[in-house]
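# Secondary and tertiary structure notes
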Amino acid sequence: MKLSTIKIIGGLTISIFATAATAECTQEDVQQRMTLLTTGMLVLAETDAAKMQQITVSMQESMAAATESGDQDAVCISLDESIAILEE
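### Points about the overall build of the protein chain
When you go through the protein chain residue by residue, the secondary structure sums to 4 helices and 0 strands. The helix and strand sequence of the protein chain, counted from the amino end, reads α-α-α-α. When each of the 88 residues of the protein chain is scored for burial, the buried share is 34%. The contacts of the protein chain with a sequence gap of at least 6 include a subset with a gap of at least 24, amounting to 71%. Surface summary for the protein chain: the accessible area is close to 4900 Å², and the carbon and sulfur share equals 57%.

What follows is the structure, encoded as structure tokens:
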């Protein structure tokens, strides 16, 4: 499961960087959030696989919508929401 989560996060990262950056949410911002999220998800995979799966599904849905619209700010918001759930 850990490997599939890493693949999902990697795929999302690629799709995120394909979108254009805006002044409020730069590619650097996205990269920092993805690094934080990826690190947290790897730790969570070892301690609470159910919560990790919940975050993964939620993140996939919101990130798909954000990248589909090309809204970089929505990408940052989605990542922030996933990080907040991770930190609960």
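Next comes the rest of the write-up.
### Focus: the nonpolar core
Ranked by size, the top nonpolar core spans 17 residues in total, and within it V30, L37, M41, V75, L79 and L86 carry the most contacts. Of all the secondary-structure elements, those providing two or more residues to this core are α2 (27-47), α3 (49-69) and α4 (72-87). Here this core takes 6 residues from α2, the largest share from any one element.

### Section: the packing of α2 against α4
As a packed pair, α2 and α4 sit with axes 10 Å apart at the nearest point and diverge in direction by 25°. As summarised for this structure, α2 and α4 are arranged roughly parallel, according to the angle between their axes. Crossing of α2 against α4: the hand is left-handed. Of the residues in α4, those touching α2 at Q27, D29, V30, R33, M34, L36, L37, G40, M41 and L44 are Q72, V75, C76, L79, D80, S82, I83, L86 and E87. Its residues assigned to classes, the contact of α2 with α4 comprises 11 nonpolar, 4 polar and 4 charged.

### Description of α3
Here α3 contains 21 residues, and its C-alpha end-to-end distance of 30 Å stays within 8% of the 30 Å for a straight helix at 1.5 Å per residue. Those residues of α3 that sit buried are K51, M52, I55, T56, M59, M63, A66 and T67. The buried residues of α3 occupy one face: seen down the axis, they fall within an arc of 130°. Across α3 from its buried face, at more than 90 degrees, point the exposed residues A50, E61, E68 and S69. The positive-phi residue at the C-terminal boundary of α3 is G70, with phi of around 75°.

### Let's talk about the packing of α3 against α4
Where α3 contacts α4, the axes come no closer than 9 Å and their chain directions differ by 170°. Comparing their axes, α4 and α3 come out roughly antiparallel. Along the contact surface, α3 presents K51, I55, S58, M59, S62, M63, A66 and T67, while α4 presents A74, V75, S78, L79, S82, I85 and L86. The residue makeup of the contact of α3 with α4, split by class, is 9 nonpolar, 5 polar and 1 charged.

### Regarding the environment of Q72
Mapped onto the secondary structure, Q72 falls in helix α4. The spacing of Q72 and C25 is 47 residues in sequence and 6.1 Å in space, taken between C-alpha atoms.

Calculation criteria
Residues numbered from 1 in each chain as written. Predicted model: local features only at pLDDT ≥ 70, side-chain atom pairs only at ≥ 80, totals over all residues. Heavy atoms only, no water. Helix = DSSP H or I, 4+ residues; strand = E, 2+ residues; numbered from the N terminus. Buried < 20%, exposed > 50% of the residue type's maximum accessible area, 1.4 Å probe, protein only. Contact = heavy atoms within 4.5 Å. Areas by Shrake-Rupley, 256 points an atom, 1.4 Å probe, with all protein chains shown as cover. Core = buried A, V, L, I, M, F, W, Y, C linked by side-chain atoms within 4.5 Å. Axes fitted to C-alpha atoms, helices over the stretch in contact; angles between N-to-C directions. Parallel < 35°, antiparallel > 145°, perpendicular 65-115°, else oblique. Left-handed = near helix turned anticlockwise from the far one by under 90°. Nonpolar A, V, L, I, M, F, W, Y, C, P; charged D, E, K, R; others polar. Expected span 1.5 Å × (residues − 1). Arc of directions from axis to C-beta.

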